[in-house]
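Coordinates in review
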Amino acid sequence: MDLLLAGLAGVAVGALVATAILLHSFQRRADRDLIERRLRACLEYRECLGDLEKAFEGAGGDPQVVEQAWHSVAAFCREFRVTGWVLRPEVHARLAPVVEGLERERGRRATNGAGGAAGEGSPAGPSGGRAAQVLCDAFHEVDAVLRREVEAQLREHRRLRFLPELGADPGKEP
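Note that the structure is a prediction, hence the values are computed from the model and not measured. (Residues numbered from 1 in each chain as written. Predicted model: local features only at pLDDT ≥ 70, side-chain atom pairs only at ≥ 80, totals over all residues. Heavy atoms only, no water.)

1. Some details on the nonpolar core
Rule in force here: The nonpolar core is taken to be a set of buried Ala, Val, Leu, Ile, Met, Phe, Trp, Tyr and Cys residues, with the residues joined through side-chain atoms within 4.5 Å. Under the scheme applied here, a residue whose accessible area is under 20% of the maximum for its type counts as buried, over 50% as exposed, and between as partly exposed, the area being computed with a 1.4 Å probe on protein chains only. The numbering of helices and of strands both runs from the N terminus, where a helix is a DSSP run of H or I of at least 4 residues and a strand a run of E of at least 2. Two residues qualify as a contact provided that any one of their heavy atoms is within 4.5 Å of a heavy atom in the partner residue.
Residues L52, F56, V73, F76, L95, L102 and L135 are the most contacted members of the largest nonpolar core, which totals 34 residues. Going through the elements one at a time, α1 (2-49), α2 (52-59), α3 (63-83), α4 (89-113) and α5 (129-158) are the ones with two or more residues in this core. Take this core: its biggest share by element is 10 residues, from α5. Filtering out sequence-adjacent residues up to four positions away, L95 remains in contact with F80, L87, V142, V145 and L146.

2. Remarks on the side chain of S72
One can find S72 in helix α3. Dropping the residues within four chain positions of it, S72 is found in contact with C48 and L49.

3. Details of the state of the cysteines
Covalently bonding the sulfur atom of one cysteine to the sulfur atom of another cysteine gives a disulfide. Short version of the rule: The criterion for a disulfide is a pair of cysteine sulfur atoms lying within 2.5 Å.
Applying the stated criterion to the full structure yields zero disulfides. Lacking any disulfide linkage, C48 is separated from the closest cysteine sulfur, that of C77, by 9.6 Å. Residue classification places C48 among the buried residues on the basis of a relative accessible area of 17%.

Written out as structure tokens, the structure reads:
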């Protein structure tokens, strides 16, 4: 009878361990999928924005470059509204005010540009420098946040969960 109970206990412990390993592997796979989605979202945001600063430098005051930059910003804002939920809450909280500011500025630009005369105060007119400055400032802020997030997600992707000491950098002491 004792041998039967010991065998039954062994089967129960084995089933418990197998279940724990299976659940851990599912959790790890889900974590990796979320990390990959975050990476893709960050890279998509950076692709939407392109490199606005270099575009403005090479444009020489061309209003078409400013217009194209606003289209890129609109694509970025739209993409952020659709996929921003994937980001970590602290990253989302840093990017949301920038996106709202860009959308407000886009709204102002649309109402100023709708008047027909592209005058001194209109971002579509000769003083597109204000629009370029707003876009460059927002680009620098978003780019810095996205670079840090991509680096953090890459580190997280490389980290091993079972044996964290194996995933550590060889140059750093634990």
